[in-house]
Amino acid sequence: MTTRRLQDRIQEHLMAIKRRDENNALYKHSKSLSQQRAMTWLTVLEYIEVFTEMGATKLWGEAGRWVVIFLIQLTKAILKFFLLFWYKSGIQTSPPIIPLERETHLGAEDTVDETEGKESSYIGKRSNRVIRSLNNTSSSHVRWWGLPQQYNNANRNHTELPDQQVSTPLGTQETVAESLYIARPFLHLLSLAACGQKSWKPWIFSAVLDVTSLSLMSDTKTLNRTERAELKRRAFLLLYYLLRSPFYDRYSETRIIFLLRLLADYIPGVGLVARPLIDYLPVWQKVYFYNWG
């Protein structure tokens, strides 16, 4: 009996070491604490910047609004350059911490090997609920606390979750492109202060920086899935220049409102969306972080 217990303990210890090594291998690319903090602060800033701008306008007026905008953009630029050059974070997503896609993770693979299911779970005879077997529960310090589907998929398919994907090392050209993209909002603010809000120079300057940044990202084949999606998002956001002043005030506003009214008047049901959108466009235009952030 004693020999049997000793063998069980040795086997349990070996299994614990194996699971710990698997967990360490799964998180071998985990980010350092300071990098995580910088990414967290960037994510928080992106989520609250609109609310902060509107609150500053109400409390301190137009001058206070621009001071808050300037400080937020300066902070974001410093943190992003810190991540780019110190941690070699590569192409940075927006927001830096990607929200969890629960449907993707929970429903990625519903078919699990029957032998694996029998060994690690128990199916209730009356309720038909699948419960983890106590015999296969590891000790707390090596236990996998994430979703079971994530653990199975990562081990079997060797795929990585978005927050675990390795950043693609950037060459000199790609680093310059990413630097231009990071500096663009802050440089646009400086050009607004120098030339005025009605001048075309800040609009043209910002558009040139965005287009140049995207054109310098020439080789996208080496990028991972998250980075390619980020570049597609940036390319799509170029359409925002049609809604940014002074182009919007001079050309887009009358045409967009005319089109929305035409759709609202002649297509049943569209007016429920088009008319509130017509009323919302002027408000959207006044918030800097909606169209320039």
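Use the structure listed above.
Residues numbered from 1 in each chain as written. Predicted model: local features only at pLDDT ≥ 70, side-chain atom pairs only at ≥ 80, totals over all residues. Heavy atoms only, no water.

J.: How do you make sense of the overall build of the protein when you look at a structure like this?
T.: Check the secondary structure of the protein and you find 11 helices and two strands. When the elements of the protein are put in sequence order from the N terminus, they spell out α-α-α-α-β-β-α-α-α-α-α-α-α. Buried residues in the protein amount to 34% of all 293 residues. Of all intrachain contacts in the protein linking residues separated by at least 6 positions in sequence, the fraction that spans at least 24 positions is 73%. Total accessible area on the protein is roughly 19,600 Å²; 61% of this is exposed by carbon and sulfur atoms. (Helix = DSSP H or I, 4+ residues; strand = E, 2+ residues; numbered from the N terminus. Buried < 20%, exposed > 50% of the residue type's maximum accessible area, 1.4 Å probe, protein only. Contact = heavy atoms within 4.5 Å. Areas by Shrake-Rupley, 256 points an atom, 1.4 Å probe, with all protein chains shown as cover.)

J.: Would you take a moment to explain the nonpolar core for this structure?
T.: Burial of nonpolar side chains together is a common tendency in soluble globular proteins. Ranked by size, the top nonpolar core spans 15 residues in total, and within it Ile 69, Leu 189, Trp 203, Tyr 241, Tyr 288, Phe 289 and Trp 292 carry the most contacts. Mapped onto this core, the elements with two or more residues apiece are α2 (33-85), α6 (172-195), α7 (201-216) and α11 (288-291). Beyond its immediate chain neighbours, meaning those up to four positions away, Tyr 288 contacts Glu 53, Arg 65, Trp 66, Ile 69, Gln 73, Pro 185, His 188, Leu 189, Leu 192 and Gly 293. Residues Tyr 248, Ile 257, Ala 274 and Leu 281 belong to the second largest nonpolar core, which totals seven residues. (Core = buried A, V, L, I, M, F, W, Y, C linked by side-chain atoms within 4.5 Å.)

J.: Would you mind going over the side chain of Arg 244 with me for this structure?
T.: Tracing the backbone shows Arg 244 in the loop between α8 (225-236) and α9 (247-266). Excluding its chain neighbours within four sequence positions, the residues that come into contact with Arg 244 are Trp 203, Gln 285, Asn 291 and Trp 292.

J.: Just checking my understanding: could you explain the packing of α9 against helix α10 (residues 271-286) for this structure?
T.: A pair of packed helices can be characterised by two numbers: the angle between their axes and the separation between those axes. Two elements in contact, α9 and α10, have axes whose closest approach is 8 Å; the angle formed by their N-to-C orientations is 160°. In this view, α9 runs roughly antiparallel relative to α10, as classed from their interaxial angle. The handedness of the crossing between α9 and α10 comes out as left-handed. Contacts between α9 and α10 pair Tyr 248, Ile 256, Ile 257, Leu 260, Arg 261, Ala 264 and Asp 265 from the former with Gly 271, Ala 274, Arg 275, Leu 277, Ile 278, Leu 281 and Gln 285 from the latter. (Axes fitted to C-alpha atoms, helices over the stretch in contact; angles between N-to-C directions. Parallel < 35°, antiparallel > 145°, perpendicular 65-115°, else oblique. Left-handed = near helix turned anticlockwise from the far one by under 90°.)

J.: Before we go on, may I ask you to explain the packing of α2 against α6 in this structure?
T.: Relative to each other, α2 and α6 sit at 165°, their axes nearing to 10 Å. Taken together, α2 and α6 sit at an angle that is classed as roughly antiparallel. With respect to the hand of their crossing, α2 and α6 are arranged in left-handed fashion. Touching Trp 66, Ile 69, Phe 70, Gln 73, Leu 74, Ala 77, Lys 80, Phe 81, Leu 84 and Phe 85 of α2 are Thr 175, Glu 178, Ser 179, Ile 182, Ala 183, Pro 185, Phe 186, Leu 189, Leu 190 and Leu 192, all from α6.

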